[in-house]
Protein chains: 2
Amino acid sequence: MSATIKDVAKLAGVAVSTVSYALNNSTKISEETKRKVLRAAEELCFRPSGAARNLKKRKSETIGLFLNDLGGPFYSQVIEGVQEVVASNGYNLIVCSTYGGENSSAHRFLREQFVDGAIIMGTAISDSLILQVASESFPIVVLDRALRGDYVHNVLITNEQGAYDAVSHLIKLGRSKIEFLSGPTVAFDNSLRFDGYKRALMEHNLPIPNKISMFGRFVEAGGYQAVKLMIASKQLPDAIFAANDEMAIGAIRALHESGIRVPEDVAIVGFDNINISPIIRPALTTISHSKYEMGAIATQLVFNARKHENEIILPTQLVVRQSCGYKDGLQETDYDAIVASILHVGGRKQN
Amino acid sequence: MSATIKDVAKLAGVAVSTVSYALNNSTKISEETKRKVLRAAEELCFRPSGAARNLKKRKSETIGLFLNDLGGPFYSQVIEGVQEVVASNGYNLIVCSTYGGENSSAHRFLREQFVDGAIIMGTAISDSLILQVASESFPIVVLDRALRGDYVHNVLITNEQGAYDAVSHLIKLGRSKIEFLSGPTVAFDNSLRFDGYKRALMEHNLPIPNKISMFGRFVEAGGYQAVKLMIASKQLPDAIFAANDEMAIGAIRALHESGIRVPEDVAIVGFDNINISPIIRPALTTISHSKYEMGAIATQLVFNARKHENEIILPTQLVVRQSCGYKDGLQETDYDAIVASILHVGGRKQN
DNA sequence: TTGAAAGCGCTAACAT
DNA sequence: ATGTTAGCGCTTTCAA
């Protein structure tokens with residue numbers, strides 16, 4: 001058993017309250033007593049119990065960031081933004097996975113009031129749970145859906161407009177049979193991107209397919225499988241707008257495997273501009289947005305928690321690379337910038 | 001104020017212990033009472049206080065993983081290995097950054113007994129702190145240094161042999177003036193890699209430079225700057241063995257900027273086989289090791305904590321790519337595998 | 001400036 | 001099967 005504050009008090013010959021004050025740098029303790037306490041604490045290897053302190057103070061000074069996949073290519077910049085703002089507020093950050101359903105760490109922490117606020121990205125946490133647990137003492141910011149409720153805030157991106165820009169780009173390059181490579185239809189991001197896709201087709205007087213023929217999860221294998229199926233059905237479009245970059249990369253893999261050229265035969269645009277998108281071949285044309293800002297702003301919102309819901313929408317931007325056949329090749333200078341950005345030289349990452 | 005177990009007891013008309021038992025699925029509670037309690041809890045939106053439970057039970061069923069850089073390219077596979085084993089033991093995992101010195105979240109969690117065990121990777125946590133806090137009730141596994149002490153275990157890799165293999169490879173390809181691009185000299189990994197480098201030179205009767213001329217931190221910019229300096233001094237070697245891949249990539253960037261060809265003029269080998277190493281151009285020849293295993297084994301060690309120190313050493317393997325001029329080009333099939341591995345299709349990642 | 005004591009919300013031993 | 005109660009280790013009010 002490790003020493004408690006009581007043991008320290010006994011050894012130092014003072015009351016427990018005195019030890020508490022001394023250890024927390026209260027001004028009302030004399031220098032001499034403080035030294036005495038510190039020496040006793042040192043001698044006993046005293047380590048305060050966070051659980052006891054949290055219980056008493058009814059807060060943990062910790063913010064939780066809950067993600068689907070801790071190691072995923074998408075999140076690292078978001079995490080940095082969050083980390084920086086949390087630290088500058090003198091708080092702790094814990095990152096944990098939402099993987100595992102009801103028994104995931106994320107669910108447990110959310111339910112058990114372990115953290116004083118949460119940033120959630122990942123559909124594994126249900127809307128109803130979020131609305132249930134959000135409160136004045138527990139603000140929540142959600143990054144991947146529009147969820148309205150007291151003490152629930154949103155940071156979103158211009159999904160619809162981004163998708164519109166992506167598809168318009170394809171149309172400008174002369175493509176006319178453009179398929180949407182869809183993520184899960186329940187995903188909020190996905191449906192807005194689908195809306196933007198339809199609007200672009202409509203405004204350019206192109207027929208809107210009455211059903212999406214390609215589905216998948218938001219992962220590389222999802223894009224791969226969907227496109228494999230499409231190839232088997234021999235109904236290839238001349239362009240694909242993928243709901244995210246991972247799927248786009250899977251699509252490229254599937255096309256390559258069948259000897260179909262990208263962009264010559266089929267052009268591809270993705271969404272998100274993840275770190276390897278500039279590096280794959282052909283480098284992926286995509287819709288970029290600032291993930292660092294997203295994390296930083298979300299965290300600000302947690303600290304400035306107000307009851308009334310707040311919705312912040314960040315802009316997106318088309319990044320033209322090779323997968324639509326616009327540029328001829330990857331320049332060395334581009335290449336260096338890309339590698340640097342992945343390894344995030346220096347402090348804050350660029351988008 | 002949110003409801004406590006007392007409120008639930010009152011509403012349900014039972015004792016607090018009954019509520020506690022009911023909520024924890026004790027068998028000694030009748031079905032009817034249980035239902036009554038559950039209904040009352042629901043009605044009050046009761047959420048148990050983790051802090052109170054942890055205080056009482058004197059454990060949190062949580063393992064902490066402490067890393068230098070949450071978003072870094074190196075860690076994602078380690079995290080997966082840890083995550084999987086932690087979850088399979090029914091525990092929670094929190095990942096947090098060691099960034100910020102004494103006031104970092106990692107330091108606070110380590111000191112305040114928030115977690116029941118820790119896996120540490122990153123020099124920001126001092127040896128003395130680790131030795132101080134490690135105990136039977138708080139085992140620690142360290143991944144990047146050999147640290148001996150009770151309840152402190154190590155998972156390491158064959159750093160020296162890996163470096164030896166890397167440098168021997170360069171020598172076999174006919175290179176003779178081989179520089180070591182060093183990371184921080186205080187880093188344990190770095191010094192072992194330096195040892196392996198020297199042994200390879202010695203065994204092949206090549207002169208060992210009496211000082212390292214290139215230093216840097218373990219980041220891309222460190223490699224870049226060191227090589228820039230070396231170029232300025234006009235003392236170029238015909239090969240560079242970098243202490244890690246990030247530095248190797250920085251070295252390549254610096255060489256490219258000066259029009260020096262890799263591998264024709266200068267061959268490069270790295271260490272770690274991070275996810276973008278196969279993708280940069282030229283694809284990086286490097287020393288690979290299994291990061292997933294590292295995380296998984298480390299976590300096993302936390303759960304099987306025994307007093308006597310345990311040291312596990314994982315093997316490394318040379319992966320030949322383009323940066324030493326061995327292979328002529330990147331094959332399409334390689335390329336697909338690479339992209340898949342970065343996006344980690346499916347569950348467990350390959351090395 | 002220091003001490004005594006109440007209690008944060010829960011678990012679990014013990015009593016019924 | 002359910003109730004009573006004593007703490008877990010700390011902070012903080014109040015008294016001295």
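Residues numbered from 1 in each chain as written. Chains lettered and ligands numbered in written order. Predicted model: local features only at pLDDT ≥ 70, side-chain atom pairs only at ≥ 80, totals over all residues. Heavy atoms only, no water.

**Observations concerning the overall build of chain A**
Then, in step 1: Helix and strand content of chain A: 13 helices and 12 strands.
Then, in step 2: Computed over the C-alpha atoms, the radius of gyration of chain A is 26 Å, more than 25% above the 20 Å expected from 2.2 N^0.38 for a compact globule of 351 residues.
Then, in step 3: Projected onto its principal axes, the C-alpha positions of chain A cover 85 × 45 × 30 Å.
Then, in step 4: Scored against the burial criterion, the 351 residues of chain A give a buried share of 56%.
Then, in step 5: Counted over contacts in chain A with a minimum sequence separation of 6, partners at least 24 positions apart contribute 68%.
Then, in step 6: On chain A, roughly 15000 Å² of surface is accessible, and the fraction owed to carbon and sulfur atoms is 50%.
Then, in step 7: In chain A, which carries 37 positive and 37 negative side-chain charges, the distance between the mean positions of the two groups comes to 6 Å. (Helix = DSSP H or I, 4+ residues; strand = E, 2+ residues; numbered from the N terminus. Rg over C-alpha atoms; globule rule 2.2 N^0.38 Å. Buried < 20%, exposed > 50% of the residue type's maximum accessible area, 1.4 Å probe, protein only. Contact = heavy atoms within 4.5 Å. Areas by Shrake-Rupley, 256 points an atom, 1.4 Å probe, with all protein chains shown as cover. Lys, Arg positive; Asp, Glu negative; His and termini not counted. Charge placed at Lys NZ, Arg CZ, Asp CG, Glu CD.)

**Structural notes on the packing of helix α1 (residues 5–12) of chain A against helix α3 (residues 31–43) of chain A**
Residue and element names in this part refer to chain A.
Then, in step 1: Two numbers describe how α1 lies on α3: the axes approach to 9 Å, and their chain directions differ by 120°. In terms of orientation, α1 lies oblique with respect to α3. As α1 runs across α3, the sense of the crossing is right-handed. Within the contact between the two elements, α1 uses V8, L11 and A12 and α3 uses K36, V37, A40, A41 and E43.
Then, in step 2: Its residues placed into classes, the contact of α1 with α3 shows six nonpolar, no polar and two charged. (Axes fitted to C-alpha atoms, helices over the stretch in contact; angles between N-to-C directions. Parallel < 35°, antiparallel > 145°, perpendicular 65-115°, else oblique. Left-handed = near helix turned anticlockwise from the far one by under 90°. Nonpolar A, V, L, I, M, F, W, Y, C, P; charged D, E, K, R; others polar.)

**Here we look at the protein's contact with DNA strand C**
Then, in step 1: If you check the shell around DNA strand C, you find 28 residues, and the closest are T18, T33 and R58 of chain A together with I5 and S20 of chain B.
Then, in step 2: Counting only the atoms of DNA strand C that lie within 4 Å of the protein, the sugar and phosphate share comes to 64%.
Then, in step 3: Within the side chain of S20 of chain B, one N or O atom sits 2.7 Å away from a phosphate oxygen of DNA strand C.
Then, in step 4: Those elements that provide at least two residues to the surface near DNA strand C are α2 (16–23) and α4 (50–57) of chain A together with α2 (16–23) and α4 (50–57) of chain B.
Then, in step 5: Top element by residues in the surface near DNA strand C is α4 of chain B. It accounts for four residues.
Then, in step 6: Taken together, the residues of the surface near DNA strand C sort by class into 11 nonpolar, 10 polar and seven charged. (Near = heavy atom within 4 Å. Polar contact = N/O pair within 3.5 Å; in protein donor to acceptor, adjacent residues only side chain to side chain.)

**Here we look at the interface of chain A and chain B**
Then, in step 1: If you look at the interface, chain A gives 61 residues, while chain B gives 61 residues.
Then, in step 2: Counting the surface lost from both chain A and chain B, the interface buries some 5500 Å², and carbon and sulfur atoms represent 56% of this.
Then, in step 3: For the interface between chain A and chain B, the tally reads two salt bridges.
Then, in step 4: A salt bridge links E112 of chain B to R53 of chain A, with the shortest nitrogen-to-oxygen separation between them at 2.8 Å.
Then, in step 5: Put simply, chain A and chain B have 18 residue pairs in polar contact (both at pLDDT 80 or more) between them.
Then, in step 6: Residue classes in the side of chain A that touches chain B are distributed as 30 nonpolar, 16 polar and 15 charged. (Buried area = accessible area lost by both parts, 1.4 Å probe. Salt bridge = Lys/Arg side-chain N within 4 Å of Asp/Glu carboxyl O.)

**Overview of helix α11 (residues 245–257) of chain A**
Residues and elements named next belong to chain A.
Then, in step 1: With 13 residues, α11 should cover 18 Å at 1.5 Å per step; its first-to-last C-alpha distance of 18 Å lies within 8% of that length.
Then, in step 2: In terms of burial, α11 is a largely internal element, 11 of the 13 residues being buried.
Then, in step 3: Taken together, the buried positions of α11 are D245, E246, M247, A248, I249, G250, A251, I252, R253, A254 and L255.
Then, in step 4: With a side-chain oxygen lying 3.3 Å from the backbone nitrogen of E246, the N-terminal cap of α11 falls on N244.
Then, in step 5: G259 occupies a position one or two residues after α11 and carries a positive phi of about 75°. (Expected span 1.5 Å × (residues − 1).)

**Some words on the relation of the copies chain A and chain B**
Then, in step 1: Between chain A and chain B, which share one sequence, the superposing operator has a rotation angle of 180° and an axial displacement of 0.1 Å; the RMSD is 0.1 Å. Taken together, the rotation and translation relating the two chain copies correspond to the operation of a two-fold axis. (Least-squares fit on C-alpha atoms with pLDDT ≥ 70 in both.)

**Observations regarding the protein's contact with DNA strand D**
Then, in step 1: In the neighbourhood of DNA strand D, 28 residues make up the surrounding shell, with I5 and Y21 of chain A together with T18, T33 and K56 of chain B lying closest.
Then, in step 2: Protein-proximal atoms of DNA strand D, defined as those within 4 Å of the protein, fall in sugar or phosphate at a share of 58%.
Then, in step 3: Side-chain polar atom of Y21 of chain A to a base oxygen of DNA strand D: 3.2 Å apart, as the coordinates give it.
Then, in step 4: In the environment of DNA strand D, a base nitrogen lies 3.1 Å from a nitrogen or oxygen atom belonging to the side chain of K56 of chain B.
Then, in step 5: Among the elements of the structure, α2 and α4 of chain A together with α2 and α4 of chain B are those that each provide at least two residues to the surface near DNA strand D.

**Here's the deal with the pattern of salt bridges**
Pairs can form between side chains of opposite charge whenever their charged atoms are close.
Residues and elements named next belong to chain A.
Then, in step 1: Scanning the entire structure with this criterion turns up 28 salt bridges over all chains.
Then, in step 2: In this structure, R145 and D144 form a salt bridge, with 3.5 Å as the shortest nitrogen-oxygen distance.
Then, in step 3: Through salt bridges that share partners, D127, D144 and R145 make up one connected network.

**Focus: the sheet that holds strand β6 (residues 178–182) of chain A**
Residue and element names in this part refer to chain A.
Then, in step 1: On the basis of which strands lie adjacent, the open sheet formed by four strands has the order β7-β6-β8-β9 and parallel pairing. Every interior strand has two partners, whereas the edge strands, β7 (214–215) and β9 (267–269), have only one.
Then, in step 2: The pairing of β6 with β7 spans two bridges and is classified as parallel. Bridging from a neighbouring strand, L181 pairs with M214 of β7.
Then, in step 3: Packed on one face of the sheet, helix α9 (residues 188–203) meets β6 and β8 (239–242) and runs near 175° to β6.
Then, in step 4: The sheet contacts of α11 involve β6, β8 and β9, and relative to β9 the element is tilted by about 160°. (Pairing = 2+ DSSP bridges.)

**Regarding the UniProt feature "domain: HTH lacI-type" (unreviewed entry) in chain A**
Then, in step 1: Taking the numbering used here, the UniProt-annotated feature "domain: HTH lacI-type" (unreviewed entry) corresponds to residues 3–57 of chain A.
Then, in step 2: Here residues 3–57 of chain A is 67% helix and 0% strand, with 21 Å between the C-alpha atoms at its ends. (UniProt positions renumbered as here; feature names shortened; annotations may be inferred.)

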